[in-house]
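Each chain is listed here by its residues.
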Amino acid sequence: MRPLTSETRGLGLRPEFIANLIDSPPISGLDFLEIAPENWMNIGGRKREQLDRIADRYPLIAHGLSLSLGDTEPLNLPFVREVCSFLDEYRIEIYSDHLSATRDSTGYLYDLIPIPRRSENIAYLAGRIAQVQDVTGRRLVLENISAYHEYPGQMPEGEFLAELALRSGCGILLDINNAYVNERNHGADARTFIATLPTEAIAYYHIAGHLELADGMILDTHGTPVADAVIQLAQDVWHLHGSRPLLLERDNFVPSLGDLVHDLNAIGQAMRESRHDFA
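Quick notes on the rules
- Here, residues in each chain are numbered from 1, in the same order as that chain's written sequence.
- With the structure being a predicted model, the display of local features is reserved for residues of pLDDT at least 70 and the display and counting of side-chain atom pairs for 80 or more, all residues being used for whole-chain, interface and lining totals.
- Only hydrogens and water are set aside; all other atoms, that is, all heavy atoms of the structure, feed into the side-chain values.
- Using protein atoms alone on a 1 Å grid, points that fit a 1.4 Å probe yet trap it form a cavity, whereas open point sets bounded by protein on both sides within 12 Å along at least five of seven lines form a pocket; residues with an atom within 4 Å of a point count as lining.
- Grid points are joined across faces, edges and corners, and a volume is the space filled by probe spheres set on the points.
- Think of it as three bins: nonpolar holds Ala, Val, Leu, Ile, Met, Phe, Trp, Tyr, Cys and Pro, charged holds Asp, Glu, Lys and Arg, and polar takes everything else, Gly as well.
- To pair, rings of Phe, Tyr and Trp, with the six-membered ring standing in for Trp, must have centres within 6.5 Å; the planes then decide the type, stacked if under 30 degrees apart, edge-to-face if over 60, and tilted in the middle.
- Exposed residues in this analysis have more than 50% of their type's maximum accessible area, buried residues have under 20%, and partly exposed residues fall in between, with area computed by a 1.4 Å probe over protein chains only.
- Helix and strand definitions here come from DSSP, where helices need a minimum of 4 consecutive H or I residues and strands a minimum of 2 consecutive E residues; each element is numbered from the N-terminal end.
- We call two residues in contact whenever any of their non-hydrogen atoms come within 4.5 Å of each other.
- The working definition used for a salt bridge is a side-chain nitrogen of Lys or Arg within 4 Å of a carboxyl oxygen of Asp or Glu.
- Throughout this description, a polar contact denotes any pair of N or O atoms lying within 3.5 Å of each other; where both atoms belong to protein, one of them has to be capable of donating a hydrogen while the other can accept it, and for residues adjacent in sequence the pair is counted only when both atoms sit in side chains.

Engineer: Which residues make up empty space enclosed by the protein, and what are the values?
Structural biologist: Considering all chains together, one arrives at one cavity of 30 Å³ or more under this definition. When its volume is computed, the largest cavity comes out at roughly 40 Å³. For the largest cavity, the full set of lining residues is R9, Y205, W238, G242, S243, R244, L246, G268, M271 and R272. For the lining of the largest cavity, the class distribution of residues is four nonpolar, three polar and three charged.

Laid out in structure tokens, this is it:
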């Protein structure tokens, strides 16, 4: 099985790709696969057999949906223990989730709710991160989300995430498209955000397409090719922070696996072609 390095490129594991991944030799230009552990834990039968065969060929990264670090409910430690068992079984080194809330007192909301970026919230989040890291025995990696609501009196996103990483020891999953979406929707400068992040904390990158609405808002849909402006931002990311594993997200209007691998590697190559010196 190929190791993960800073030069590796990956895709999310989608059901329509499984047969191709199992029946074909390891695909050149596809180095790892990202999975949501919630979709694979505690399953058996044919689906588990398929995952076993895929894991023999490709390293896996776990990207969760349900950790809900930012809610006010007690952390779901039984769930974290199940995640840990799954990570151990498949020798998954990187476990990431979103810096958001996904629950309230009634249960899961199936959405990513932004956390108020206030300094008094950092200690609370750092304590919950420590619990997760203690249970899993791994550094927790957190993704910056596309936020469609802004709270008053917030810290700049980059400063908040950098301070949280310093206080907790967590890693950062830098989603380049999300940074662009937040710039367009809220006016926060994406390049200032990425320049503020500590390079040593960044574990890997996400990049994706978005949808532009008639009113000027944009949505992080993972359903279109990556926009030129996002690739340009990715070039600045590479210039500032260097190579990391890169994952292309595509969840809607999904092209063929071969086309996605081609796009993934074209984007990775374009990131190295810096347009200018970052100021």
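What follows continues from the structure just given.
Engineer: Let's hear about the packing of aromatic side chains: which residues, and what values?
Structural biologist: Counted by the stated rule, this structure contains one aromatic pair. Judged by centre distance (5.2 Å) and plane angle (50°), the ring pair of F86 and Y90 falls under tilted. For the pair F86 and Y90, a shared accessibility class is recorded, and that class is buried.

Engineer: Go over the layout of surface pockets with me, naming the residues and quoting the values.
Structural biologist: Each pocket or cavity is described by its volume, and for the largest pocket that value is around 1000 Å³. Top element by residues in the lining of the largest pocket is strand β6 (residues 107-113). It accounts for five residues. Residues of the lining of the largest pocket, tallied by class, amount to 18 nonpolar, 12 polar and 10 charged. In this model, the second largest pocket occupies a volume close to 400 Å³. Lining the second largest pocket are 27 residues, and of these R117, P156, E157, G158 and F193 lie nearest its centre. For the lining of the second largest pocket, the secondary-structure elements that each account for two or more residues are α5 (157-168), α6 (176-186) and α7 (190-196). Split by residue class, the lining of the second largest pocket holds 12 nonpolar, eight polar and seven charged.

Engineer: Help me get a handle on unusual backbone geometry, residues and values and all.
Structural biologist: With phi around 55°, S68 is a residue other than glycine that occupies positive phi space. By the secondary structure assignment, S68 is in the loop between β3 (60-63) and α3 (77-89). Positive phi outside glycine occurs at R91, with the angle close to 55°. Looking at the secondary structure, you find R91 in the loop between α3 and β4 (95-98). R91 sits in the exposed class, given a relative accessible area of 56%.

Engineer: Go over the environment of C84, please, and point to the residues and values.
Structural biologist: Relative to the assigned elements, C84 resides in helix α3. In this structure the C-alpha to C-alpha distance between C84 and V141, which are 57 residues apart in sequence, comes to 14 Å. For C84, the contacting residues outside a window of four places in its chain are V135, T136 and R138.

Engineer: Break down the pattern of salt bridges for me, with residues and values.
Structural biologist: Here the structure, examined in full by the defined rule, presents 11 salt bridges. The residue D71 makes a salt bridge to R103 at a minimum N-O spacing of 2.7 Å. Here D71, found in the loop between β3 and α3, pairs with R103, found in strand β5 (residues 101-104); they are 32 residues apart in sequence, far enough to count as distant. Residues D71 and R103 agree in their burial class; the two are buried. The shortest N-O distance in the salt bridge between R138 and D88 comes to 2.8 Å. One end of the pair, R138, is in the loop between α4 (122-136) and β7 (140-143); the other, D88, is in helix α3, with 50 residues separating them in the sequence. A relative accessible area of 44% places D88 in the partly exposed class.

Engineer: Go over the side chain of S243 with me, naming the residues and quoting the values.
Structural biologist: Secondary-structure assignment places S243 in the loop between α8 (228-241) and β12 (246-248). S243 sits in the buried class, given a relative accessible area of 15%. A polar side-chain atom of S243 sits 3.0 Å from a polar atom in the side chain of W238. With residues near it in sequence (within four places) discarded, S243 still touches S6, E7, Y205, W238 and R272.

None of this, on its own, says anything about what the molecule does.
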